[in-house]
Amino acid sequence: MSIPFSFIKEVLQEDALGNGFCDINHFCINSKESKSGCCFVGISGNRYDGGEFIREALLKGAVGLIVEKKHLEEYISNCSDYHKKTWCIGVSDVRKSLIKLASHWRLKFDIPFIGVTGSVGKTTTKELIGSILIKHKTHVPLVSFRSQNSILGLALTLLKLRSFHTVAVCEVGINNVGEMAVLACALKPDIAIITNVKNVHVSGLGSIKEIVKEKCILANYIRDNGVVVIDGDNEEISNRIKENNVIKFGVNKENDFRIIETRYFCDFSKNIIGIRTKSENFLSFGVKEVGFKLNSLSDGFSLCALAAIAASTTLNIPSDVSVNALEGFYPVSRRGNIIRFYSFDNFIVDNSWNANPASMNDAIVAFGRMNSSSKKMVVLGDMLELGDLEIDEHEKLLNSCIKEYAFL
């Protein structure tokens, strides 16, 4: 199933140059990754202007181009040898055009759409849900790639939708006020998940209240009979989300899904590490209590798993299938995964993807639970985008390392 050229032209409402009006198999924004049947989208960034690389994209097999209008002359004058078999559309704003195109393409699919947002845990929750869907075997999910959660990333994900997909799981992240409305309007989720809200991207989003307000906008765009899954331990989120179909997860008794027991275990001599957790729910989703083992010592990982279970129940996936998927899942690369050196009694816990107060503290607590015959060492990076909270949050983290965990 390709994306028709006629559909692209109709949505963008711009004339096309060239005579090869080919349909598109996929979209790319890196000219080096262009290949046969793709549409190269020339994004202007901080370091490069993609419109300057259209000939390279054509050389590698691109059959369509979407670029800013200022780059049309490059196609006309320097790419004439490709005019017979390719097309090029010039637009005023490439990013807005791409999300517009993705929004219209998404409307052609009547399948469940899941949107995952939050300050931390978005990628892990999204990947956990994807694993559950695959384990269920009746689903062919489209899962957003790695951490492609920006407006551009969501657009590229939605444009991957094909007729064989039965559900879409999309991560949505923001850095500035106003972005969530654009993301949510394009996605129109059936299930909106808000993992939590912490002091992340404060410099672009302002206070914690503004962050909560912006994240919760995702719930405003759910389709009829949609469900919102939220961190029920966060009063700010609970007070703002007033939709009828709300499922809460966490550790407090008021939550619909909650963790009731946790045991940590670690034996590197036997290659074992993880959390054994018991969870219960008060909703009529079948099993009232279920236990499962997770391959992590992170409490944040446990809550991501709980959010994934809550979401999967709304898709009528049996709890034993979800548990089976969770127990076979390992942390995503650079999010608490363990790198072992089998020739030595050493290992590295790689949590280098993100640096914010919540994720850093959770990682340190998890690291403190690890038993090892080797010396333990923590290497900390700077936490950026904290605005006026930067110095205070760094001091808190350092004090936690020294006073509470006492392994430095």
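Up top you'll find the structure we're talking about.
Residues numbered from 1 in each chain as written. Predicted model: local features only at pLDDT ≥ 70, side-chain atom pairs only at ≥ 80, totals over all residues. Heavy atoms only, no water.

1. Re the overall build of the chain
When you go through the chain residue by residue, the secondary structure sums to 14 helices and 16 strands. Whereas a compact globule of 408 residues would reach a radius of gyration of roughly 22 Å, the chain reaches 23 Å, a difference of no more than 12%. In terms of principal-axis extent, the alpha carbons of the chain reach across some 65 × 45 × 45 Å. Counting over 408 residues, the chain shows a buried share of 50%. Counted over contacts in the chain with a minimum sequence separation of 6, partners at least 24 positions apart contribute 61%. Split by element, the accessible area of the chain, about 19500 Å² in all, is 49% carbon and sulfur. One way to put it: in the chain the 47 positive side-chain charges average out to a point 5 Å from where the 46 negative ones average out. (Helix = DSSP H or I, 4+ residues; strand = E, 2+ residues; numbered from the N terminus. Rg over C-alpha atoms; globule rule 2.2 N^0.38 Å. Buried < 20%, exposed > 50% of the residue type's maximum accessible area, 1.4 Å probe, protein only. Contact = heavy atoms within 4.5 Å. Areas by Shrake-Rupley, 256 points an atom, 1.4 Å probe, with all protein chains shown as cover. Lys, Arg positive; Asp, Glu negative; His and termini not counted. Charge placed at Lys NZ, Arg CZ, Asp CG, Glu CD.)

2. Regarding the sheet that holds strand β3 (residues 38-41)
One open sheet accounts for five strands, arranged β1-β5-β4-β3-β2; its pairing is mixed. Strands with a single pairing partner mark the edges of an open sheet, and in this sheet they are β1 (16-17) and β2 (26-28). Across five bridges, strand β4 (residues 64-68) lies against strand β5 (residues 87-91) in parallel orientation. Each residue of the ladder has a partner; that of G64, found in β5, is W87. Set on the sheet, helix α4 (residues 94-106) makes contact with β2, β3, β4 and β5; between it and β4 the angle comes to about 135°. (Pairing = 2+ DSSP bridges. Axes fitted to C-alpha atoms, helices over the stretch in contact; angles between N-to-C directions.)

3. Some remarks on the nonpolar core
If you look at the biggest cluster of nonpolar residues, it comprises 57 residues, and the most contacted ones within it are I8, F27, I66, L101, L158 and L161. Looking at which element gives the most residues to this core, the answer is α4, with six residues. Formed by 35 residues, the second largest nonpolar core is a distinct cluster that contains I114, I191, L294 and A325. (Core = buried A, V, L, I, M, F, W, Y, C linked by side-chain atoms within 4.5 Å.)

4. Remarks on the pattern of salt bridges
A full pass over the atoms with the stated rule returns ten salt bridges. One salt bridge in this structure joins E14 and K69, with 3.5 Å as the shortest N-O distance. One end of the pair, E14, is in the loop between α1 (5-12) and β1; the other, K69, is in the loop between β4 and α3 (72-78), and 55 residues separate them in sequence. One continuous salt-bridge network, built from bridges that share partners, spans D49, E68 and K70. (Salt bridge = Lys/Arg side-chain N within 4 Å of Asp/Glu carboxyl O.)

5. Regarding the state of the cysteines
With the rule as written, the count across this model stands at zero disulfides. In this structure C38 is a free cysteine whose sulfur lies 3.8 Å from that of C28, the closest cysteine sulfur available. For C216, which is in no disulfide, the shortest distance to another cysteine sulfur is to C304 and amounts to 17 Å. (Disulfide = S-S within 2.5 Å.)

6. Points about the environment of L187
Secondary-structure assignment places L187 in helix α7 (residues 179-187). In sequence terms L187 and A102 are 85 residues apart; their C-alpha atoms lie 8.9 Å from each other.

7. What to know about the side chain of D231
Take D231: it is sitting in strand β10 (residues 227-231). For the buried D231, no salt bridge exists, and the shortest N-O distance to an oppositely charged side chain is 5.6 Å, to K198. Ignoring anything within four residues of it in the chain, the contact list for D231 reads I194, T195, N196, I237, S238 and F249.

8. Quick word on the packing of α4 against α7
For any two helices packed against each other, the geometry is given by the interaxial angle and the distance between the axes. Relative to each other, α4 and α7 sit at 35°, their axes nearing to 8 Å. Counting all contacts with α4, which are made through I99, S103 and R106, the residues of α7 involved are V182, A186 and L187. Partitioning the contact of α4 with α7 into residue classes produces four nonpolar, one polar and one charged. (Nonpolar A, V, L, I, M, F, W, Y, C, P; charged D, E, K, R; others polar.)

9. A look at the side chain of D350
Within the secondary structure, D350 is located in strand β16 (residues 346-350). Buried D350, no salt bridge; nearest opposite-charge side chain is R334, N-O distance 5.0 Å. Every residue in contact with D350, bar those within four places of it in the chain, is listed here: R334, R335, G336, N337 and I339.

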